[in-house]
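Residue-level listing of the chains:
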Amino acid sequence: MIKLPVYLDNNATTPCDPRVVEAMLPYFTEKFGNAASRTHSFGWEGEEAVEYAREQVAALIGAGPKEIVFTSGATEADNLAIKGVFEMYASKGNHIITVFTEHKAVLDTCHHLERSGGEITWLSVNGEGLIDLAELESAIRPDTVLIAIMIANNETGVLQPIREISRIARQHGVPFFTDASQAVGKIPIDVQADGIDLMAFSAHKLYGPKGVGALYVRRRDPRVRLTAQMDGGGHERGMRSGTLNVPAIVGFGKACALCRQDMELESHRMASLRDLLEKGLLELEETSVNGSRQHRLPNTTNISFKYTESQSLMMGLQKDIAVSSGSACTSASIEPSYVLKAQGLGDDLAHSSLRFGLGRTTTEEEIRYAIGRIRETVEGLRKISPLWELYKEGAKLDNAGWMRGKED
Ligand SMILES: *Cc1c(COP(=O)(O)O)cnc(C)c1O
């Protein structure tokens with residue numbers, strides 16, 4: 001017996017692992033001290049817990065504990081990295097390179113800087129969702145202060161070639177920042193081997209609590225400096241003031257330790273369930289996977305069910321399966337995914353896509369159930385779709401091109 005609805009939206013957020021909750025609990029009540037209180041044992045206890053968590057978080061990404069700045073999540077870490085570098089290196093220049101398919105937290109931060117004197121180069125992606133390294137290299141200028149490119153896309157799971165990106169960034173002496181919210185905990189990341197200078201990630205994407213995340217800031221070879229975006233008591237070595245959320249940080253640390261321990265097994269399990277889901281769904285006609293199937297996360301697939309609409313699909317499924325179209329932040333809107341459009345998808349295909357994010361709690365039984373329900377729903381919608389009928393009559397709408405007319 002499976003419990004409905006089946007949760008397949010782990011890229012939006014993950015449940016807190018019960019072992020994480022257990023680790024956090026004492027820090028709400030008996031161990032409630034302010035980690036910045038230096039004058040008594042309550043404070044020392046809090047500080048000790050935070051420093052232990054800092055080591056757990058750092059260990060997952062091959063960083064040193066002093067390179068971890070705790071924030072309220074990846075959005076804040078994105079803002080701190082981009083605005084912090086932009087302000088700190090103002091005397092060098094005002095140019096930032098990023099990509100059209102970044103998360104809104106990066107895109108909108110860059111837009112913000114564009115309105116306050118920054119110059120942004122927006123790189124495009126190919127049909128697989130990958131950037132062109134030559135295009136990246138030729139976009140670098142003497143006044144470039146940051147390259148901001150995510151590791152894994154939240155909608156498609158597509159992985160950018162970060163080692164090549166960091167090599168190029170290094171050669172030109174430009175700091176490389178990556179939003180790794182979807183990657184950390186799912187695939188091995190080593191900030192040394194991967195050449196990452198700044199990296200944002202979030203606890204609630206890796207079975208930790210919401211409202212806590214981190215920015216990795218490289219301390220040597222080269223040392224990266226930032227202007228604080230939150231001024232105050234000078235917490236987090238002056239980079240992020242504000243009383244630390246001790247219970248959440250403890251949970252984040254525990255969540256990272258669990259990911260580190262289980263990653264290898266779990267990523268294989270995830271990939272085989274994801275492949276099972278994909279295989280089952282691709283048996284439907286006119287159904288396709290969006291983005292590179294070679295370079296992507298083990299837990300994610302994004303599929304277009306042509307001649308249906310994501311909105312109707314999700315409505316038909318919502319009692320039984322929790323999925324989304326695009327990202328959680330934009331799926332409330334009717335606009336098709338900007339990520340899929342950037343990959344060259346027409347409105348029709350972008351409008352008919354669903355994102356599946358598998359997780360630690362996903363079972364094979366749930367996947368088999370999901371395949372059946374989704375197929376049924378897609379077939380039901382197509383049965384009442386005039387476009388599907390025309391397609392079936394061989395009207396070759398796609399070739400006529402009038403459905404795609406809008407974006408040409
Ligand atoms: C979820 C997510 C964010 C936002 O993280 P929060 O901790 O919720 O602020 C940023 N970037 C990516 C790629 C994400 O998936």
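For clarity, every value in this text was computed on a predicted model and none was experimentally measured.

**Student:** Just give me the short version of the domain arrangement of the protein, but keep the residues and values in it.
**Tutor:** The domain boundaries assigned to the protein delineate domain 1 (6-12 + 263-392) and domain 2 (18-258). Inter-centroid distance (C-alpha atoms) of domain 1 to domain 2 is 29 Å. Counting residues at the interface gives 28 residues for domain 1, matched by 32 residues for domain 2. The interface formed by domain 1 and domain 2 holds 0 salt bridges in total. There are 10 residue pairs in polar contact (both at pLDDT 80 or more) connecting domain 1 and domain 2. Contributing elements (two or more residues each) for the side of domain 1 that touches domain 2: helix 7 (246-282), strand 10 (300-305) and helix 9 (338-342). Take the side of domain 1 that touches domain 2: its biggest share by element is 4 residues, from helix 9. Class assignment for the residues of the side of domain 1 that touches domain 2 results in 9 nonpolar, 16 polar and 3 charged.

**Student:** Describe the sheet that holds strand 4 (residues 119-123), and please don't skip the residues or the numbers.
**Tutor:** Spatially, 2-8-7-6-5-3-4 is the arrangement adopted by the 7 strands of the open sheet, whose pairing is mixed. Each of the sheet's edge strands pairs with one partner strand only, and the pair in question is strand 2 (68-71) and strand 4. On average, each strand axis in the sheet is inclined to that of its neighbour by 20°, with strand direction left out of account. Inspection of the sheet shows strand 5 (residues 144-148) paired to strand 6 (residues 176-179) by 2 bridges, in the parallel sense. Counterpart to Ala148 in the pairing with strand 6 is Phe177. The strands touched by helix 4 (residues 104-115) are strand 3 (95-99), strand 4, strand 5 and strand 6; relative to strand 4, the strand with the most contacts, the crossing angle is about 145°.

**Student:** An account of the packing of helix 3 (residues 74-88) against helix 4 is needed here, citing residue identities and associated values.
**Tutor:** For the pair helix 3 and helix 4, the least separation of the axes is 9 Å and the interaxial angle reads 30°. In terms of orientation, helix 3 lies roughly parallel with respect to helix 4. Remark: the crossing between helix 3 and helix 4 carries right-handed chirality. Along its contact with helix 3, which presents Thr75, Asp78, Asn79, Ile82, Lys83 and Phe86, the element helix 4 presents Ala105, Val106, Thr109, Cys110, His112 and Leu113.

**Student:** Tell me what's going on with the pattern of salt bridges, and back it up with residues and numbers.
**Tutor:** Pairs may arise between side chains of opposite charge once their charged atoms sit close together. This model, assessed by the stated rule, comprises 23 salt bridges. Across the pair Arg38 and Glu47 runs a salt bridge, and its minimum N-O distance is 3.7 Å. Judged by its relative accessible area of 58%, Arg38 falls in the exposed class. Between Glu278 and Arg293 there is a salt bridge, with its nearest N and O atoms 3.0 Å apart. With Glu278 in helix 7 and Arg293 in the loop between strand 9 (287-289) and strand 10, this pair connects stretches of sequence that are 15 residues apart. Given a relative accessible area of 2%, Glu278 falls into the buried group.

**Student:** Could you give an account of the site of the ligand, with specific residues and numbers?
**Tutor:** In the vicinity of the ligand lie 13 residues, with Thr75, Asp179, Gln182, Ser202 and Lys205 positioned nearest. Within the side chain of Ser202, a nitrogen or oxygen atom sits 2.6 Å from an oxygen atom of the ligand. In the model, an oxygen atom of the ligand is placed 2.7 Å from a nitrogen or oxygen of the Lys205 side chain. Coverage of the ligand by the protein amounts to 87% of the 390 Å² it exposes when considered alone.

**Student:** Residue-level account of the packing of aromatic side chains, with values.
**Tutor:** Between two aromatic rings, the relevant description is the distance of the centres plus the angle of the planes. Within the structure shown, the criterion is met by 7 aromatic pairs. On the basis of an interplanar angle of 35° and a centroid distance of 5.1 Å, the ring pair of Trp388 and Tyr391 is categorised as tilted. Placement of the pair is Trp388 and Tyr391 together in helix 12 (residues 386-392), with a separation of 3 residues, close to one helical turn. The two residues Trp388 and Tyr391 agree in class, both being buried. Each member of the aromatic cluster is reached from another via a ring pair, and the members are Phe70, Phe201 and Phe252. The ring of Tyr207 has Arg360 lying over it, and the distance from NZ or CZ to the ring centre is 4.0 Å. The lysine or arginine in question, Arg382, covers the ring of Trp388, its NZ or CZ lying 4.4 Å from the ring centre.

**Student:** An account of the environment of Asp9 is requested, with residue identities and associated values reported.
**Tutor:** The topology assignment puts Asp9 in the loop between strand 1 (6-7) and helix 1 (18-24). Judged by relative accessible area, which is 11%, Asp9 ranks as buried. A polar side-chain atom of Asp9 sits 3.3 Å from a polar atom in the side chain of Ser324.

**Student:** A description of the pairing of strand 12 (residues 353-357) should follow, citing residues and the corresponding values.
**Tutor:** The buried count for strand 12 comes to 5 of 5 residues, which makes it a mostly enclosed element. Here strand 12 shows two buried faces, one formed by Ser353, Arg355 and Gly357 and the other by Leu354 and Phe356. Bridge count for strand 10 against strand 12 is 5 bridges, and the pairing is antiparallel. When the sheet's bridge partners are listed, Ile303 is paired in strand 12 with Leu354.

The rules behind these values
- Residue positions are given per chain, counting from 1 as you read along its sequence in written order.
- It should be noted that, the model being predicted, local features are given only for residues of pLDDT at least 70 and side-chain atom pairs only at 80 or more, the latter also being counted only at that level, while totals for whole chains, interfaces and linings use all residues.
- As a rule here, side-chain values cover all heavy atoms of the structure and leave hydrogens and water aside.
- Residue ranges assigned to the domains are those given by an automatic or database domain assignment.
- Contact criterion: two residues are considered in contact whenever any of their non-hydrogen atoms come within 4.5 Å of each other.
- When a carboxyl oxygen of Asp or Glu is within 4 Å of a side-chain nitrogen of Lys or Arg, the pair counts as a salt bridge.
- Any N or O atom pair separated by 3.5 Å or less is treated as a polar contact, with the protein-specific requirement of one donor-capable and one acceptor-capable atom, and with residues adjacent in sequence counted only for side-chain atom pairs.
- Strands are runs of DSSP state E lasting at least two residues, helices are runs of H or I lasting at least four, and both sets are numbered from the N terminus onward.
- Side-chain classes are defined by residue name, with Ala, Val, Leu, Ile, Met, Phe, Trp, Tyr, Cys and Pro counting as nonpolar, Asp, Glu, Lys and Arg as charged, and the others, Gly among them, as polar.
- What makes two strands pair is DSSP finding at least two bridges between them.
- Between the N-to-C directions of two axes lies an angle of 0 to 180 degrees, each axis being a line fitted to C-alpha atoms and, for a helix, fitted only over the stretch in contact.
- Under this scheme an angle from 65 to 115 degrees is roughly perpendicular, one under 35 degrees roughly parallel, and one over 145 degrees roughly antiparallel; angles in between are oblique.
- Should the near helix be turned anticlockwise from the far one by less than a right angle, the crossing is termed left-handed; should it be turned clockwise, right-handed.
- Note on exposure labels: buried denotes an accessible area under 20% of the residue type's maximum, exposed denotes more than 50%, and partly exposed covers the range between, all computed with a 1.4 Å probe on protein chains only.
- Here, proximity means that at least one heavy atom of the residue falls within 4 Å of the molecule or strand.
- Each accessible area value is a Shrake-Rupley result obtained with a 1.4 Å probe; residue values ignore everything except the protein chains displayed when judging cover.
- A pair of Phe, Tyr and Trp rings is counted when the ring centres sit within 6.5 Å of each other, with Trp represented by its six-membered ring. The angle between the planes then sorts it: under 30 degrees is stacked, over 60 is edge-to-face, the rest tilted.
- Placement of a positive charge over a ring is assigned whenever Lys NZ or Arg CZ falls within 6 Å of the ring centre and within 35 degrees of the normal to the ring plane.

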